[in-house]
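# Coordinates in review
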Amino acid sequence: MRAAGRRRATESLASDRRPPPPTPTNAADPWQYISTPVPGRESDASFCSSQPSIASIGRPSAAITDKSYQLASIRTINAYLASLSLPFSLKPPLPSAKDITETLKFLLHRLGFSAQKLDEDLVLKVLKVLKCPLKLNKSALKAPGTPHAWPNLLAVIIWVVQIVKYNDHLLNSPSNFEDNSMFKYTANSYLNYIRGDDHSVDALDEEFMRELREERDKIEENVKAVEGNVNELEAKLESLKKGPSQKEALEQEKALLEKDVTKFHMIIEQLDGHTLEVQKKFEEKEKELEVKVAERKRICEENEELKRTIEEQGINSRDAERMKRELQAVEREIEEADASRSGWEEKIWELDSEIGHKFKELEWLTIECNQALRRLKLGIGFQYQLNAKGSIPGDVLGLDYKSVLKPALATFAEEIKRSSVEKLEELISLRQQSGENAAKIEEKRNHISALQSNIDKVGAQVNLTREEIQEYTSRCAAEARKMVEEVETEVRNMDVVEKEASEFLKVSPTTKSVTL
């Protein structure tokens, strides 16, 4: 009889192990859960049952009348309406009744409740089903554009907008439960637990935790390998950064050019000094010219005196004409000699000035060439030295550059070309390696972040599943204790019944004998 009592208790326990009711969704008929509430399970449309909504978490009741909160809420609602390209919006600070009505009708349509006109009873029933924490009366819906009804109505609208956004997110996000190991583990564990197969549940937990640990170890190994690669690539990047960059080369070239500029200023100062010397020489020449002009004037006066003396002498006409012709011939010769002399003097002055300019240019070019040769570091010790007394270019320059400098420059140019080609090839290869390394580093970082996010999601799901299992286990344990108490009560009752039956059996023979 005790065994029979235990069997009945087991059957009653199995009868209570029924799956929870299905979660309602907005994709189905929206009226199916309005009149018939689900026992033991609250609707998911209210965001975790009786918890406060997103709009009311952490907000006091005074926030509804706050102007800044109202403007922020209106901006949120208008942004949602604009994202769907709707022709109406809420205009702050107090929208029109028509815009508010159209907004409410549209939100009800998005929740699955179609209505040609705004029905106050329908709105209140929908808010009650969704477990809206804000109270709304019919007068606010009949006159939505009034200032006293607008704050509460705005809070309800922003709350419904958040629910609609969440439903849109659920509809637009694809479900990948087929390839989700966490979902499979949760489903199998839940099914085994419903069947009462605790051994399968424990084995599934151990296997899943082992897989998680293996996956965690693999991820840690991959992370360590990626960190090693990152360190190596960072070391290579540092070595590349330590080398001379293009900016440093340009700065060095800039410093050399600044030195050249200072030298050019020194040359200009020297040229200014030469200009002063030339001006002094020019003044001396002008003084000499004045002396010669005075001498010429004196000679002319002497000639005039000679003419007068000759005129005073007694001569015949033939001698006078002959003397006149000779005098004219001498004057012509003197004029020609003066003209040729002045021409030669001008040519000499031009040649002297041109030679001076050319010599100064040669000095400047010689300084530049010597500086360039020192920068090139040819190793031949060649330097230009001007000789003002030279008659040929080789004597003026001081050395035969064709036999000494030209071969060294040709060799240096070949070396520069060869080294530049090598450096260019090395630079191209290093740029390619740097780009590939940067792409690999970015890819590894993205992979690491994706793995970390997956680990966090799986850990959160495992914790949530554990909490649900613990809650269900505690509830089942309470039911089991209750049923054990009932079984013990029935056992005690059966013991009492058995005692009574045994006493009845003992009393029955005496009763039969008395009856007989």
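Just so we're clear, the structure is a prediction, and the values are computed from it rather than from any experiment.

This paragraph deals with the overall build of the protein. If you tally the helices and strands in the protein, you get 12 helices and zero strands. If you list the helices and strands of the protein from N to C, you get α-α-α-α-α-α-α-α-α-α-α-α. Within the protein, the fraction of its 516 residues that count as buried is 18%. The long-range fraction of contacts in the protein, counting pairs at least 24 apart against all pairs at least 6 apart in sequence, stands at 59%. Of the roughly 38600 Å² of accessible surface on the protein, a fraction of 56% belongs to carbon and sulfur atoms.

Where nonpolar side chains cluster on the molecular surface, the patch consists of W344, I348 and W349 and spans about 380 Å² of accessible area. Owing to a relative accessible area of 44%, I348 belongs among the partly exposed residues under this scheme.

Here helix 8 (residues 198–242) contains 45 residues, and its C-alpha end-to-end distance of 64 Å stays within 8% of the 66 Å for a straight helix at 1.5 Å per residue. Along helix 8, the positions that sit buried rather than exposed are V201, L204, F208, I219, V226, V230 and L233.

Take the UniProt feature "coiled-coil region" (unreviewed entry) in the protein next. Following the UniProt record, one finds the feature "coiled-coil region" (unreviewed entry) at residues 209–243, 303–347 and 424–461. In the segment residues 424–461, helix accounts for 100% and strand for 0%; the C-alpha atoms at its two ends are 55 Å apart.

Attention now goes to the pattern of salt bridges. Pairing between side chains becomes possible if they bear opposite charge and their charged atoms approach one another. Tallied over the entire structure, the rule returns eight salt bridges. Note that R210 and E214 form a salt bridge whose closest N and O atoms lie 3.1 Å from each other. Of the two residues, R210 and E214 are both situated in helix 8; the distance of four residues between them amounts to about one turn of the helix. E345 is paired through a salt bridge with R341; the nearest N and O atoms lie 3.3 Å apart. Residue E345 and its partner R341 are both found in helix 10 (residues 317–376); the two are separated by four residues, about one turn of the helix.

What counts, and where the lines are drawn
- Residues numbered from 1 in each chain as written.
- Predicted model: local features only at pLDDT ≥ 70, side-chain atom pairs only at ≥ 80, totals over all residues.
- Heavy atoms only, no water.
- Helix = DSSP H or I, 4+ residues; strand = E, 2+ residues; numbered from the N terminus.
- Buried < 20%, exposed > 50% of the residue type's maximum accessible area, 1.4 Å probe, protein only.
- Contact = heavy atoms within 4.5 Å.
- Areas by Shrake-Rupley, 256 points an atom, 1.4 Å probe, with all protein chains shown as cover.
- Patch = residues over 30% accessible without salt bridge, like charges linked within 9 Å, V, L, I, M, F, W, Y side chains within 5 Å.
- Salt bridge = Lys/Arg side-chain N within 4 Å of Asp/Glu carboxyl O.
- Expected span 1.5 Å × (residues − 1).
- UniProt positions renumbered as here; feature names shortened; annotations may be inferred.

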